[in-house]
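Single-letter residue listing:
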Amino acid sequence: MNDTMIWFDGNMIPASTAHCSVLTHALHYGTGVFEGIRCYKTQTHPAIFRLEEHLQRFNKGTAVIGMHPDIGLMRQAILEVIAINQYTNAYIRPLAFYGTGGLGLDTSCLSTHLAVMALPWTSHLGESARLNGIRAKISSFRRNQAGAIPPLKITGAYVNSVLAKMESTRAGYDEALFVDDKDRICEATGENVFVVKDGHIIAVKHSDAVSGITRQTVMEFIGTEEREISRQELLNADEIFLTGTSAEVVPLVELDGTYFPIGSVTRKVQEMYQQVVHGELSNYQHWLTYVESQKVNTLINK
Ligand code: PMP
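Below is a short write-up of the structure. (Residues numbered from 1 in each chain as written. Predicted model: local features only at pLDDT ≥ 70, side-chain atom pairs only at ≥ 80, totals over all residues. Heavy atoms only, no water.)

### Details of the pattern of salt bridges
Step number 1: Considering all chains together, one arrives at 17 salt bridges under this definition.
Step number 2: With a closest N to O distance of 3.0 Å, Arg231 and Asp183 form a salt bridge. Separated by 48 residues along the polypeptide, Arg231 in helix H7 (residues 231-235) and Asp183 in the loop between strand S9 (175-179) and strand S10 (185-188) bring together distant segments of the chain.
Step number 3: Classification of Arg231 as partly exposed rests on a relative accessible area of 27%.
Step number 4: For Asp183, a relative accessible area of 32% gives the class partly exposed.
Step number 5: For Glu225, the salt bridge is made with Arg227, and the minimal N-O distance between the two is 2.8 Å.
Step number 6: Judged by its relative accessible area of 39%, Glu225 falls in the partly exposed class. (Salt bridge = Lys/Arg side-chain N within 4 Å of Asp/Glu carboxyl O. Helix = DSSP H or I, 4+ residues; strand = E, 2+ residues; numbered from the N terminus. Buried < 20%, exposed > 50% of the residue type's maximum accessible area, 1.4 Å probe, protein only.)

### Quick look at a nonpolar patch on the surface
Step number 1: Together, Val22, Leu23, Leu27, Tyr29, Leu103 and Leu105 make up a nonpolar patch on the protein surface, roughly 640 Å² of accessible area in all.
Step number 2: For Val22, a relative accessible area of 66% corresponds to the exposed category. (Patch = residues over 30% accessible without salt bridge, like charges linked within 9 Å, V, L, I, M, F, W, Y side chains within 5 Å. Areas by Shrake-Rupley, 256 points an atom, 1.4 Å probe, with all protein chains shown as cover.)

### Describing helix H3 (residues 71-85)
Given 3.6 residues per helical turn, the α-helix brings residues three or four places apart onto the same face.
Step number 1: Taking 1.5 Å per residue, 15 residues should reach 21 Å; H3 reaches 21 Å between its end C-alpha atoms and fits that length.
Step number 2: Buried residues of H3: Ile71, Met74, Ala77, Ile78, Leu79, Glu80, Val81, Ile82, Ala83 and Asn85, and no others.
Step number 3: The opening residue of H3 is Asp70, an N-cap whose side-chain oxygen sits 3.0 Å from the backbone nitrogen of Gly72.
Step number 4: Note on H3: the residue one or two positions beyond its end, Gln86, has a positive phi of about 55°. (Expected span 1.5 Å × (residues − 1). Polar contact = N/O pair within 3.5 Å; in protein donor to acceptor, adjacent residues only side chain to side chain.)

### Observations concerning helix H2 (residues 51-64)
Step number 1: For H2, spanning 14 residues, the distance from its first C-alpha to its last is 20 Å, which sits close to the expected 20 Å at 1.5 Å a residue.
Step number 2: Listed in full, the buried residues belonging to H2 are Leu51, His54, Leu55, Arg57, Phe58, Gly61 and Thr62. Viewed end-on, H2 has its buried residues packed into an arc of 160°, placing them on one side of the element. Along H2, the residues that are exposed and aim more than 90 degrees away from the buried face are Gln56 and Lys60.
Step number 3: The positive-phi residue at the C-terminal boundary of H2 is Gly66, with phi of around 75°. (Arc of directions from axis to C-beta.)

### Here we look at the site of the ligand
Step number 1: Neighbouring the ligand are 16 residues; Lys153, Tyr158, Glu187, Thr214 and Thr245 lie closest to it.
Step number 2: At 2.6 Å, a side-chain N or O of Thr214 approaches an oxygen atom of the ligand.
Step number 3: For the ligand, an oxygen atom lies 2.6 Å from a polar atom in the side chain of Thr245.
Step number 4: About the coverage of the ligand: the protein hides 96% of its 380 Å² of free accessible area.
Step number 5: For the shell around the ligand, the secondary structure elements donating two or more residues are helix H6 (213-223) and strand S14 (239-244). (Near = heavy atom within 4 Å.)

### Topic: the nonpolar core
In a soluble, globular protein the nonpolar side chains are often hidden away together inside.
Step number 1: Counting residues in each nonpolar core, the largest one holds 32 residues, and the members touching the most others are Ile48, Ile78, Ile82, Ile92 and Val116.
Step number 2: Those elements that place two or more of their residues in this core are strand S4 (37-40), H2, H3, strand S6 (90-98) and strand S7 (112-120).
Step number 3: In this structure Val116 touches Ile6, Trp7, Met74, Ala77, Ile78, Val81, Ile92, Arg93 and Pro94, once residues within four positions along its chain are discounted.
Step number 4: In this structure, Ala136, Ile138, Val179 and Ala237 belong to the second largest nonpolar core, which totals 22 residues. (Core = buried A, V, L, I, M, F, W, Y, C linked by side-chain atoms within 4.5 Å. Contact = heavy atoms within 4.5 Å.)

Okay, structure coming up:
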């Protein structure tokens, strides 16, 4: 298999040659921030979906942990990684993290690192998820509270998602949903939740949930209500679907033994989402950043 090229601290290098120390602070304490971005094949050039919104969230996350990377440089690195690997459908993973300089909790003396990786796309919930839906379990774990760790893509915070995912897969499910102490739905381990009832679409709102860019996208193109939803209300839904950059729009067909059909609303949202990300709807072209390899390569070769 060809070694994918990644951008690491200003250099474009084969992924297999990128190394960091076992004293890396982020390895011990989860002091990093990442993003998950998608690039799609379109009729012309590959296009990165909602790159600016992903960069903004990345910027917010890095600010929380006291890092201030050059966002313009990250944007350029993302374009270059797609271009040099000649990817069309790809998953892009920017990462900022604290490196070496001490194992105390004070970060002021630590080195900082930036990387951009990309992989040819494979869906994290599996390709059949979009078609056939997934089965989920309510997690016995609580979501990190926003007052403890802000709901951004801070690497250490994802231990919470990993625990919930582990519990649900061990019980034979695909995914887990978090509820809070008042039995309100928060989100899934890597997706936001939508409910369809009597033809209305409701985006589940919760202060501990990550503010998903896919959720925002669906809300903007379909026009939805946004509010808190209890576990009971979720169980009474006509249709449920999950949204996320890597999952896209996935029907939820079972929650702890209660079954939901894949309805026409979910199918419509899925269809529209695919059209939007592949650049087939002219109204949403502003969400796409086209990667014109010729131009980007010129920059790499400078
Ligand atoms: N919740 C969590 C916990 C996530 O990790 C993600 C993925 N980033 C989402 C929701 C969905 O966010 P987005 O649509 O921006 O990918």
